[in-house]
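So the chains spell out like this:
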Amino acid sequence: MNYNNPELKFTDVPSGKVGWCSPSNIALIKYWGKSGIQIPSNASVSFTLSKSQTETIVKFSPSQGEQCNINFYFDGIPNTKFAEKISVYFKKIIEIFPFIKQLDFSIYSKNTFPHSAGIASSASGMSALALALCDIENQYFGSFNTKEEFFQKASYIARLGSGSACRSVYGGLVSWGKIEGYENTCDLFGSQVSNDINPVFKDYHDSILIVDSGEKKVSSTIGHNLMKSNPFSNSRFQQARDNMTALLDVLKTGDLDEFNRIVELEALTLHAMMMTSSPYYLLMKPNTVALIEMIWNFRNNTKVPVCFTLDAGPNIHLLYPHKYKNEVQAFINKTLAEFINGDIIHDYVGIGPEKLEL
Ligand code: PMV
């Protein structure tokens, strides 16, 4: 597949604006390790969230110089670091969208979750931007025949910005990466897992417990790269493939004990990979471990099917079926709250991105 297209150039360069709101996602099977141009070493699958979203408005006008000029505003405040990141990203996708060179951009972005939440916003942020670029293509070149074509390209473009972002362009359960025996899966873009999903997973909850909202010491880019020399990487990639097969089965049967086992194994393996990289590092905090123990005790004592997962950071994502919402949220308030230093965001599975009416 090749999206390079020299035809996507304006004859009359327009001014305009587009906006998209796109959610974050939480991986159940983790993407950790990549090769080539953002090709994952194993397939991953995630829940798309509802509340944790990025809203991005892209204003564009004819470029005043040779190079496109980018102004980036985060929460209304100019942010040159982000502007530089976007400029690097635009250079990567210039052959796909040559019209970028003809434009100057002002990009306004804000998260609907608290600024200091410490939640990875790259998935929601990069997917919102990718959708906005595809929207410009759609409006001025009309090159998409179907919605599927539009979202597939948006997922591909989002992947080039941040791997996990390619899963945020769809709602529900979304996979990314070739899965043996599953025809509609590939390494270049995400796709919705829609076959026979057990109803229990359609409105699953994810309460995000912010243990530490500081910036992480080691970026995901560095983490992915360290997998190249990690002595356990090949076993890890095989384990992920086995876990994926088992999880896809669980998503049909609704076996929550098995769901909890696989999801927690994935979270702990992700962090084990960080601890066994060279140089090694640790992103969990003492309270992360304290919370995990309390969650295990609660599950053993009450038989409420709740489990945790982790991103590349110290914060706990508590996953549970809608039916147990009151019990789990009471447990969070009564027992866990004192170990949570930041916000608690009660999120749940969502329907995917939305275009903003401007
Ligand atoms: O998309 P990246 O490069 O920020 O990597 C994300 C990696 C994890 O969040 C740890 C796992 C995942 O699959 O989302």
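Values in this document were obtained by computation on a predicted structure and should not be read as measured data. (Residues numbered from 1 in each chain as written. Predicted model: local features only at pLDDT ≥ 70, side-chain atom pairs only at ≥ 80, totals over all residues. Heavy atoms only, no water.)

**Regarding the overall build of the protein chain**
Where we set the bar: Segments assigned H or I by DSSP are reported as helices when at least four residues long, segments assigned E as strands when at least two residues long, and all are numbered from the N terminus. Atoms counted for the radius of gyration: C-alpha only. Globule rule: 2.2 Å times residue count to the power 0.38. Three exposure classes are used, based on accessible area relative to the maximum for each residue type with a 1.4 Å probe and protein chains only: buried under 20%, partly exposed in between, and exposed over 50%. Here, residues are in contact when the closest pair of their heavy atoms is within 4.5 Å. To be clear on the numbers: accessible area is Shrake-Rupley with a 1.4 Å probe, and residue cover counts the displayed protein chains and nothing else. Charge assignment: positive for Lys and Arg, negative for Asp and Glu; neither His nor the chain ends contribute. Where a charge lies is defined by one atom per residue type: Lys uses NZ, Arg uses CZ, Asp uses CG and Glu uses CD.
When helices and strands are counted, the protein chain shows eight helices and 14 strands. Relative to a compact globule of 358 residues, whose C-alpha radius of gyration would be 21 Å, the protein chain shows 20 Å and is just as compact. Dimensions of the protein chain along its principal axes, counting C-alpha atoms only, are 65 × 45 × 40 Å. For the protein chain, with 358 residues in total, the buried portion stands at 54%. Sequence-distant contacts in the protein chain: of pairs separated by 6 or more residues, those separated by 24 or more amount to 76%. With an accessible surface of roughly 16,200 Å², the protein chain has 50% of that area assigned to carbon and sulfur atoms. Between the mean site of the 32 positive side-chain charges and the mean site of the 35 negative ones, the protein chain shows a separation of 3 Å.

**As for the sheet that holds strand β10 (residues 205-209)**
Using the following cut-off: Note: two strands are recorded as paired if DSSP finds a minimum of 2 bridges between them. Here an angle of 0 to 180 degrees is reported between the N-to-C directions of two axes, which are lines fitted to C-alpha atoms, with helices fitted over the stretch in contact.
Spatial strand order, β11-β12-β10-β13: four strands in an open sheet with antiparallel pairing. This sheet does not close on itself; its edge strands, each paired only once, are β11 (307-310) and β13 (344-348). Strand-to-strand twist in this sheet, taken as the mean axis angle between neighbours without regard to direction, amounts to 25°. Examined bridge by bridge, β10 and strand β12 (residues 316-320) share five bridges and lie antiparallel to one another.

**Observations concerning helix α6 (residues 256-275)**
Since the α-helix advances by 3.6 residues per turn, residues separated by three or four positions end up pointing in the same direction. Under the convention used in this document: Given the number of residues in a helix, its expected span is that number minus one, multiplied by 1.5 Å. N or O atoms within 3.5 Å of each other form a polar contact, as long as, within protein, one can give a hydrogen and the other can take it, and as long as residues adjacent in sequence are counted only when both atoms are side-chain atoms.
Between its first and last C-alpha atoms α6 spans 28 Å; for 20 residues at 1.5 Å apiece the expected length is 28 Å, and the two agree. Two or three places before D257, at the opening of α6, D255 has a side-chain oxygen 3.2 Å from that residue's backbone nitrogen.

**Regarding the environment of G350**
As for its placement among the helices and strands, G350 is situated in the loop between β13 and β14 (354-355). Between the C-alpha atom of G350 and that of K202, which follows or precedes it by 148 residues, the distance is 8.6 Å. What G350 contacts, discounting residues up to four positions off in sequence, is T48, L49, S50, G171 and G172.

**Here's the deal with the packing of aromatic side chains**
Working definition: an aromatic ring pair is given by the centre-to-centre distance plus the angle between the planes. Spelled out, the test is: Working definition: rings of Phe, Tyr and Trp (its six-membered ring) pair if their centres are within 6.5 Å, and the pair is stacked with planes under 30 degrees apart, edge-to-face with planes over 60 apart, and tilted otherwise. Charge-over-ring contacts are defined here by two conditions on Lys NZ or Arg CZ: a distance within 6 Å of the ring centre and an angle within 35 degrees of the ring normal.
Under the counting rule described, the total for this entry stands at 25 aromatic pairs. Ring geometry for F97 versus F99: centroids 5.3 Å apart, planes at 50°, classification tilted. In this pair, the class of F97 matches that of F99, namely buried. Three or more aromatic residues joined by ring pairs make a cluster, and in this case those are F10, F60, F97, F99, Y140 and F141. Over the ring of Y156 we find R159; its NZ or CZ atom is 4.9 Å from the centre of that ring.

**Quick look at the environment of F90**
Summarising the element assignment, F90 is placed in helix α1 (residues 80-92). In sequence terms F90 and I70 are 20 residues apart; their C-alpha atoms lie 9.9 Å from each other. Those residues in contact with F90 that sit more than four places away from it in its chain are C68, I70, I100, F105, I107, L129 and L133.

**Some words on the domain arrangement of the protein chain**
What counts is decided by this rule: Throughout the structure description, domain borders are defined by an automatic or database domain assignment. For any pair of parts, buried area is found by adding up, for both, the accessible area (1.4 Å probe) each one loses once the two are put together.
You can read the domains of the protein chain as domain 1 (16-196) and domain 2 (206-348). On a C-alpha basis, the centres of domain 1 and domain 2 stand 24 Å from each other. Each partner contributes to the interface: domain 1 provides 34 residues, whereas domain 2 provides 41 residues. The contact between domain 1 and domain 2 buries some 3,200 Å² in all, and 67% of this surface belongs to carbon and sulfur atoms.

**Some remarks on the pairing of strand β8 (residues 173-176)**
Alternating residues of β8 divide into L173 and S175 and V174 and W176, and every residue in both groups is buried. Note that strand β4 (residues 44-62) and β8 share four bridges and pair antiparallel. Bridging from a neighbouring strand, S44 pairs with W176 of β8. In this structure, β8 lies alongside strand β9 (residues 190-192), joined through three bridges in antiparallel fashion. Of the residues in β9, the one forming a bridge with V174 is Q192.

**Focus on the site of the ligand**
Rules: The cutoff for a nearby residue is simple: one of its non-hydrogen atoms must lie within 4 Å of the molecule or strand. Classification convention: Asp, Glu, Lys, Arg as charged; Ala, Val, Leu, Ile, Met, Phe, Trp, Tyr, Cys, Pro as nonpolar; all other residues, Gly among them, as polar.
Around the ligand sit 14 residues in total, of which Y31, S162, S164, R167 and H224 are the nearest. Between the ligand and Y31 there is a distance of 2.9 Å, counted from an oxygen atom to a backbone nitrogen or oxygen. For the ligand, an oxygen atom lies 3.5 Å from a polar atom in the backbone of G163. In the complex, the protein chains occlude 91% of the 380 Å² of accessible area that the ligand would expose alone. By residue class, the composition of the shell around the ligand is five nonpolar, six polar and three charged.

**Here we look at the nonpolar core**
Operational definition: As used in this record, nonpolar core signifies buried Ala, Val, Leu, Ile, Met, Phe, Trp, Tyr and Cys residues forming a set joined through side-chain atoms within 4.5 Å.
Grouped together as the largest cluster of nonpolar side chains are 45 residues, with contacts concentrated most on F90, I93 and F97. Those elements that place two or more of their residues in this core are β1 (16-29), β4, β5 (70-74), α1, β7 (103-111), α2 (122-141) and α3 (147-161). Here the element with the most residues in this core is α2; it accounts for nine residues. Ranked by size, the runner-up nonpolar core spans 31 residues in total, among them I26, L28, L173 and Y204.

**Description of unusual backbone geometry**
Cis peptide bonds are those with omega within 30 degrees of zero, and the linkage from S278 to P279 qualifies with 5°. A positive phi is found at Q38, a non-glycine position, where the angle reads about 55°. Along the polypeptide, Q38 turns up in the loop between β2 (34-35) and β3 (39-40). At K303, a residue that is not glycine, the phi angle is positive and equals roughly 65°. Here K303 shows up in the loop between α7 (286-302) and β11. The class of K303 is exposed, set by a relative accessible area of 64%.

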